[in-house]
Amino acid sequence: MKLQIPSAVLAQTFHHLRSCGGGRRECQALWVGPWAHPSLVSEVRHPRHTASAVGFQVDHDWLTDFWLDLADSGSGVRVQVHTHPGTAYHSATDDAFPLIHTPGFLSLVIPQFAQGPADFTDAFLARIEPDGRFHEVRIADILEIV
Ligand SMILES: [Zn+2]
């Protein structure tokens with residue numbers, strides 16, 4: 001079963017990526033869903049972070065609170081989403097620092113600081129496989145906008 005992304009969550013994600021990144025800086029958004037419904041993303045969270053044109057760093061305290069929130073609400077991060085200045089792909093840094101190391105965890109990269117179409121056009125998706133590493137997967141096989 002594909003992971004279902006409500007169109008409202010997708011629209012909100014692009015709003016965060018565009019308004020925070022301003023077409024000049026990378027930005028990250030996290031897609032969260034309830035463990036009771038493993039195939040559903042229910043909301044997007046925009047971490048407190050610093051960023052430049054070539055990277056970003058999530059605030060440590062924000063992340064600590066976020067993990068506690070998720071534990072309380074029985075939810076988990078399904079997909080980490082972030083922007084790149086140009087082409088969407090997985091950089092060595094992206095490969096080296098996943099938010100979560102569990103097989104099945106997804107990482108979506110949006111090109112052009114999310115200034116293009118607010119969908120998966122030219123986006124890149126990678127998934128952590130049982131070997132513990134990210135491998136590219138086809139977006140149409142994994143994600144479904146609902
Ligand atoms: Zn941001």
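Residues numbered from 1 in each chain as written. Predicted model: local features only at pLDDT ≥ 70, side-chain atom pairs only at ≥ 80, totals over all residues. Heavy atoms only, no water.

Participant: What am I meant to see in the overall build of the protein chain here?
Facilitator: Scanning the protein chain from terminus to terminus reveals four helices and 10 strands. Traced from its N-terminal end to its C-terminal end, the protein chain shows the element sequence β-α-β-β-β-β-α-β-α-β-β-β-α-β. Compactness check: the protein chain gives a C-alpha radius of gyration of 14 Å against a globular reference of 15 Å for 146 residues, within 12% of the reference. Over its C-alpha atoms, taken along the principal directions, the protein chain stretches across nearly 40 × 35 × 35 Å. Looking at the protein chain alone, contacts between residues at least 24 apart form 63% of all its contacts between residues at least 6 apart. Of the charged side chains in the protein chain, 10 are positive and 16 negative, and the gap between their average positions amounts to 4 Å. (Helix = DSSP H or I, 4+ residues; strand = E, 2+ residues; numbered from the N terminus. Rg over C-alpha atoms; globule rule 2.2 N^0.38 Å. Contact = heavy atoms within 4.5 Å. Lys, Arg positive; Asp, Glu negative; His and termini not counted. Charge placed at Lys NZ, Arg CZ, Asp CG, Glu CD.)

Participant: Would you mind going over the coordination of the zinc ion with me for this structure?
Facilitator: Four donors placed tetrahedrally around a metal ideally meet at 109.5 degrees, and six donors placed octahedrally ideally meet at 90 or 180 degrees. Taken together, the protein donors to the zinc ion comprise C20 (SG), C27 (SG), H46 (NE2) and H49 (NE2), at separations of 2.0 to 2.3 Å. Coordination of the zinc ion draws on donor residues from a single chain, spaced C-x6-C-x18-H-x2-H in sequence. Relative accessible area serves as the criterion here: at 28%, H46 is assigned to the partly exposed category. (Donors = N, O, S within 2.8 Å, 3.2 Å for Na, K, Ca; no water. Buried < 20%, exposed > 50% of the residue type's maximum accessible area, 1.4 Å probe, protein only.)

Participant: It is not clear to me how helix α2 (residues 60-73) should be interpreted in this structure. Could you clarify?
Facilitator: Its 14 residues give α2 an end-to-end C-alpha distance of 20 Å, which sits within 8% of 20 Å, the value for a rise of 1.5 Å per residue. For α2, the full list of buried residues reads W62, L63, F66 and L70. Axial view of α2: buried residues confined to an arc of 95°, hence all on one face. Residues of α2 that are exposed and angled more than 90 degrees away from the buried face: H60, L68, A71 and D72. (Expected span 1.5 Å × (residues − 1). Arc of directions from axis to C-beta.)

Participant: Just to check I follow, could you spell out the sheet that holds strand β6 (residues 75-83) for this structure?
Facilitator: Backbone-to-backbone hydrogen bonds join strands into a sheet, with any given pair of strands oriented parallel or antiparallel. Reading across from one edge, β3-β2-β6-β7-β8-β9 is the order of the six strands in this open sheet, with mixed pairing throughout. At either margin of the open sheet sits one strand with a lone partner, and together these are β3 (43-45) and β9 (134-137). Within this sheet the neighbouring strands show an average axis-to-axis angle of 30°, counted without direction. Alignment of strand β2 (residues 28-34) against β6, held across seven bridges, turns out to be antiparallel. Directly across from L30, in β6, lies its bridge partner Q80. Most of the contacts of helix α1 (residues 7-21) go to β2, to which it runs at about 155°, and overall it touches β2, β3, β6 and β7 (106-110). Helix-sheet contacts for α2 involve β2, β3 and β6, and the interaxial angle to β6 is about 140°. (Pairing = 2+ DSSP bridges. Axes fitted to C-alpha atoms, helices over the stretch in contact; angles between N-to-C directions.)

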